[in-house]
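# Descriptive analysis of the structure
Chain by chain, the residues run as shown.
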Amino acid sequence: MKQKLDLQQWPRLDHFNFFSRFEEPYFGVCVEIDCTRAYDAAKTRGVSFFLYYLYQSLKAANQVTPFRYRIADGEVWEYDAVHASPTINRPDGTFGFAYIDYQEDFADFIAGAKAETEKVQQSTGLIPAVSGENVIHYSSMPWVKFTSLSHARSFSFKDSIPKISFGKMTETAGRRSMPVSVHVHHALMDGYHVGQYVDLFQEFMMRE
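Residues numbered from 1 in each chain as written. Predicted model: local features only at pLDDT ≥ 70, side-chain atom pairs only at ≥ 80, totals over all residues. Heavy atoms only, no water.

### Let's talk about the overall build of the chain
- Within the chain, the regular secondary structure consists of five helices and ten strands.
- Looking at the chain residue by residue over its 208 residues, the buried ones come to 48%.
- Long-range contacts, defined as pairs at least 24 residues apart, comprise 73% of the intrachain contacts of the chain with a sequence gap of at least 6.
- For the chain, the exposed surface amounts to about 10,800 Å²; the carbon and sulfur share of it is 52%.
- Counting 21 positive and 25 negative side-chain charges, the chain places the averaged centre of each group 4 Å from the other. (Helix = DSSP H or I, 4+ residues; strand = E, 2+ residues; numbered from the N terminus. Buried < 20%, exposed > 50% of the residue type's maximum accessible area, 1.4 Å probe, protein only. Contact = heavy atoms within 4.5 Å. Areas by Shrake-Rupley, 256 points an atom, 1.4 Å probe, with all protein chains shown as cover. Lys, Arg positive; Asp, Glu negative; His and termini not counted. Charge placed at Lys NZ, Arg CZ, Asp CG, Glu CD.)

The structure is reproduced here in structure tokens:
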């Protein structure tokens, strides 16, 4: 479900009008997330670390309202929930697109995510997911500890979907960490909202 925002009552109307005119309205940040406890929790539960942090990220994003905003025909729509459209790596070095429903229950999410992951890994091609706008585009590069990141973009396509990427986990002095890149549409949110997402994601990754 979704509902249309009353733009005339929206405190960010001027920001929306200003950034909507940009050829490149996205801005991005890279942060480092402590994943020591999250990695141990995933191993204890016997689940993929990737699916574990994907769940925590999606949970955080759903709690920050602007991450559920999307632009369509000059209007802003708020979705009740957003889901994951991640890239799934295959043993042959290729990847495919997937669609994973967000489920508040961790076990339900993992069950659905595992089934979708296996389906993509056993297939070929990109498998474009017919998932609509209420997703977040996720990607994982577990081979690279990046400090910055850019995305391939088709500027003729008016996109407003957030893009979150995860990098290589490394260990220093007994603590594990990984880089996370967040790119969002500036007409829909600001650094304040990205900060809210980052803080929530880090909080969830610190829980058992």
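### A look at unusual backbone geometry
- Phi is positive for aspartate 73, which is not a glycine, with a value near 55 degrees.
- Tracing the sequence through the fold places aspartate 73 in the loop between β3 (69-72) and β4 (75-79).
- Of the residues examined, aspartate 73 reaches a relative accessible area of 82% and is grouped as exposed.
- In this model, alanine 173 sits at a positive phi of 55 degrees, which is unusual for a non-glycine residue.
- Mapped onto the elements, alanine 173 comes out in the loop between β9 (170-172) and β10 (175-185).
- Taking the relative accessible area as the measure of exposure, alanine 173 reaches 79% and is therefore exposed.

### A look at the packing of aromatic side chains
- With the rule as written, the count across this model stands at 18 aromatic pairs.
- Taken together, a centroid distance of 4.5 Å and an interplanar angle of 50 degrees make the contact between tyrosine 53 and phenylalanine 166 tilted. Of the two residues, tyrosine 53 sits in helix α3 (residues 49-63) while phenylalanine 166 sits in strand β8 (residues 163-166), which places them 113 residues apart along the sequence.
- Note on tyrosine 53: relative accessible area 5%, which makes it buried.
- One aromatic cluster is present, formed by Tyr39, Phe49, Phe50, Tyr53, Phe67, Tyr138, Phe166, Tyr197 and Phe201 through successive ring pairs.
- The positively charged end of lysine 2 is found above the aromatic ring belonging to tryptophan 77, 4.6 Å away from the centroid.
- In this arrangement the basic side chain of lysine 59 is found over the ring face of phenylalanine 204, its NZ or CZ atom lying 4.5 Å from the centre. (Phe/Tyr/Trp six-rings, centres within 6.5 Å; stacked < 30°, edge-to-face > 60°. Lys NZ or Arg CZ within 6 Å of the ring centre and 35° of its normal.)

### Focus: the packing of α3 against helix α5 (residues 191-205)
- Two elements in contact, α3 and α5, have axes whose closest approach is 8 Å; the angle formed by their N-to-C orientations is 135 degrees. As judged from the angle between their axes, α3 and α5 are oblique. Taken as a pair, α3 and α5 cross one another with a handedness that is right-handed. Judged by residue contacts, Phe49, Tyr53, Gln56, Ser57, Lys59, Ala60, Ala61 and Gln63 of α3 engage Tyr197, Leu200, Phe201, Phe204 and Met205 from α5.
- By residue class, the composition of the contact of α3 with α5 is nine nonpolar, three polar and one charged. (Axes fitted to C-alpha atoms, helices over the stretch in contact; angles between N-to-C directions. Parallel < 35°, antiparallel > 145°, perpendicular 65-115°, else oblique. Left-handed = near helix turned anticlockwise from the far one by under 90°. Nonpolar A, V, L, I, M, F, W, Y, C, P; charged D, E, K, R; others polar.)

### Remarks on the pairing of β4
- Looking at chain direction, strand β1 (residues 2-4) and β4 are connected through three bridges and run antiparallel. Along β4, the bridge assignment pairs glutamine 3 with glutamate 78.
- Two elements, β3 and β4, share four bridges in a ladder whose sense is antiparallel. Note that in β4 the partner of tyrosine 69 across the bridge is glutamate 78.
- Counting the residues in the hairpin turn of β3 and β4 gives two residues, including aspartate 73, whose phi is positive at 55 degrees. (Pairing = 2+ DSSP bridges.)

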